[in-house]
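# Structure at a glance
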Amino acid sequence: MDRLFNRGSVNVDEENPYWMSFSDLMSGLLVIFILAAVALIIELTQKSEKIDASIEELKKAEEARRNILIDIQEELAKQNIHVEIVENDTVLRIPESTLSFESAKDRLPEDEQTQEEVRAIGIALHKAITTNERWKYLDTVFVEGHTDSVGIWYRGKGNWGLSADRAVSIWKLWQTEISLEPKLNELENFNGQLLFSVSGYADTRRVDLTEETKEQRARNRRIDIRFTVKKPKLEDYEKAKDV
């Protein structure tokens, strides 16, 4: 009887070792799954942190640019010099009502008021950019000349040459008559490249696409100061992706 009793009490797992092995296998797979899930969460978190850091850096750059433009406009308003902030807070516009060149001329008007206003714009620009070293958030500052669509003869270069040379005239005055340090032409961006550039666009970037009136043509004749900011490089995003 004892033998029969003992035989009936044999552990099921001893009679079925397969179930024990299967149970161990499932436990092992569960551990592997948990570790893989944790690794994936860590990877995604690292990617998110890198992308968030790039976005935050871009936000700081855009805020610095916006503050530069606002500071310039407010400083010039105190001197009754009208400038406009346009194109989503990226461009400081000097309209023809503030600075008017003679037709087909690239030289700045020689009257004292115009000369003083151009100097004041350069000084305000210098102050706003150098405050808290904001220039380090910028990539390039373009001093852009723009004309209307009326074709003219200008030294064989037409409106393209005229628009560029007008911008150069302003830039030259800032270099020769503003003694603040560091000079605008010495400022470098985050890549160690010169910050300022001068360009001309003729009538290719009009404010008013249709020039049917004198007022519309006048709005297209202007000097724009365009600020581009430091942006995360594509490779920064690719590195975050490859983490």
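Residues numbered from 1 in each chain as written. Predicted model: local features only at pLDDT ≥ 70, side-chain atom pairs only at ≥ 80, totals over all residues. Heavy atoms only, no water.

### Details of the packing of aromatic side chains
Two numbers describe a pair of aromatic rings. These are the distance of the centres and the angle of the planes. Per the counting criterion, the structure on display carries two aromatic pairs. Measuring from centroid to centroid gives 6.5 Å for tryptophan 171 and tryptophan 174, while their planes differ by 75°, and the two rings are edge-to-face. Pair noted here: tryptophan 171 and tryptophan 174 are both in helix 5 (residues 158-177), with a separation of three residues, about one helical turn. The burial state of tryptophan 171 is the same as that of tryptophan 174; both residues are buried. Three or more aromatic residues joined by ring pairs make a cluster, and in this case those are Trp171, Trp174 and Phe196. (Phe/Tyr/Trp six-rings, centres within 6.5 Å; stacked < 30°, edge-to-face > 60°. Helix = DSSP H or I, 4+ residues; strand = E, 2+ residues; numbered from the N terminus. Buried < 20%, exposed > 50% of the residue type's maximum accessible area, 1.4 Å probe, protein only.)

### Remarks on empty space enclosed by the protein
For the coordinates displayed, the defined rule picks out two cavities of 30 Å³ or more. The calculated volume of the largest cavity comes to roughly 70 Å³. Surrounding the largest cavity, Glu96, Leu99, Ser100, Phe101, His146, Arg166, Arg221, Arg222 and Ile223 form its lining. In the lining of the largest cavity, the residues fall into three nonpolar, two polar and four charged. Taken as a whole, the second largest cavity encloses approximately 40 Å³ of empty space. If you go around the second largest cavity, the residues you meet are His126, Trp174, Gln175, Ile178, Leu180, Lys183 and Leu184. Within the lining of the second largest cavity, the residues separate by chemical class into four nonpolar, two polar and one charged. (1 Å grid on protein atoms, 1.4 Å probe; cavity = no way out; pocket = protein on both sides within 12 Å on 5 of 7 lines; lining within 4 Å. Points joined across faces, edges and corners; volume = space filled by probe spheres on them. Nonpolar A, V, L, I, M, F, W, Y, C, P; charged D, E, K, R; others polar.)

### Considerations on the layout of surface pockets
For the largest pocket, the calculated volume is near 170 Å³. The wall of the largest pocket is formed by 13 residues, among which Ser103, Ala104, Asp148, Arg166 and Arg221 lie closest to the centre. In terms of residue class, the lining of the largest pocket is made up of five nonpolar, three polar and five charged.

### Details of the pattern of salt bridges
What the rule picks out here adds up to 19 salt bridges. With a closest N to O distance of 2.7 Å, glutamate 87 and arginine 226 form a salt bridge. Separated by 139 residues along the polypeptide, glutamate 87 in the loop between strand 1 (84-86) and strand 2 (91-95) and arginine 226 in strand 5 (residues 222-229) bring together distant segments of the chain. With a shortest N-O distance of 2.5 Å, arginine 219 and aspartate 208 are connected by a salt bridge. Of this pair, arginine 219 sits in helix 6 (residues 214-220) while aspartate 208 sits in the loop between strand 4 (196-200) and helix 6, and the two are 11 residues apart along the sequence. Each of Glu87, Arg93, Glu144, Arg222, Asp224 and Arg226 takes part in a single network of salt bridges with overlapping partners. (Salt bridge = Lys/Arg side-chain N within 4 Å of Asp/Glu carboxyl O.)

### Details of a nonpolar patch on the surface
Together, Leu30, Phe33, Ile34, Val38 and Ile42 give the surface a local cluster of nonpolar side chains, amounting to about 490 Å² of exposed area. Within the fold, isoleucine 34 resides in helix 3 (residues 17-77). Exposure remark for isoleucine 34: the relative accessible area of 45% places this residue in the partly exposed category. (Patch = residues over 30% accessible without salt bridge, like charges linked within 9 Å, V, L, I, M, F, W, Y side chains within 5 Å. Areas by Shrake-Rupley, 256 points an atom, 1.4 Å probe, with all protein chains shown as cover.)

### Details of the packing of helix 4 (residues 112-130) against helix 5
Relative orientation of the contacting elements helix 4 and helix 5 amounts to 75°, with a least axis distance of 10 Å. Viewed along their axes, helix 4 and helix 5 adopt a mutual orientation that is roughly perpendicular. Together, Gln115, Val118, Arg119, Ile121, Gly122 and Leu125 of helix 4 and Ile170, Leu173, Trp174 and Glu177 of helix 5 make up the contact between the two elements. (Axes fitted to C-alpha atoms, helices over the stretch in contact; angles between N-to-C directions. Parallel < 35°, antiparallel > 145°, perpendicular 65-115°, else oblique. Contact = heavy atoms within 4.5 Å.)

### Some words on the sheet that holds strand 2
Spatially, the five strands line up as an open sheet ordered 1-2-5-3-4, and their pairing is mixed. This sheet does not close on itself; its edge strands, each paired only once, are strand 1 and strand 4. Here the strands of the sheet are splayed against their neighbours by 25° on average, with no regard to which way each runs. Sitting on the sheet, helix 4 is in contact with strand 2, strand 3 (138-146), strand 4 and strand 5, with an inclination near 10° to strand 5. (Pairing = 2+ DSSP bridges.)

### What to know about the pairing of strand 3
Judged by how many residues are buried, strand 3 sits mostly within the fold: seven of nine residues are covered. Alignment of strand 3 against strand 5, held across eight bridges, turns out to be antiparallel. Opposite glutamate 144, over in strand 5, you have aspartate 224 as the bridge partner. For the crossover from strand 3 across helix 5 to strand 4, the handedness is right-handed. (Right-handed = clockwise from strand over helix to strand, strands pointing away.)

### Examining the environment of glutamate 112
Along the polypeptide, glutamate 112 turns up in helix 4. Judged by its relative accessible area of 52%, glutamate 112 is exposed. Of note is the side chain of glutamate 112, whose polar atom sits 2.9 Å from the side chain of arginine 119. (Polar contact = N/O pair within 3.5 Å; in protein donor to acceptor, adjacent residues only side chain to side chain.)

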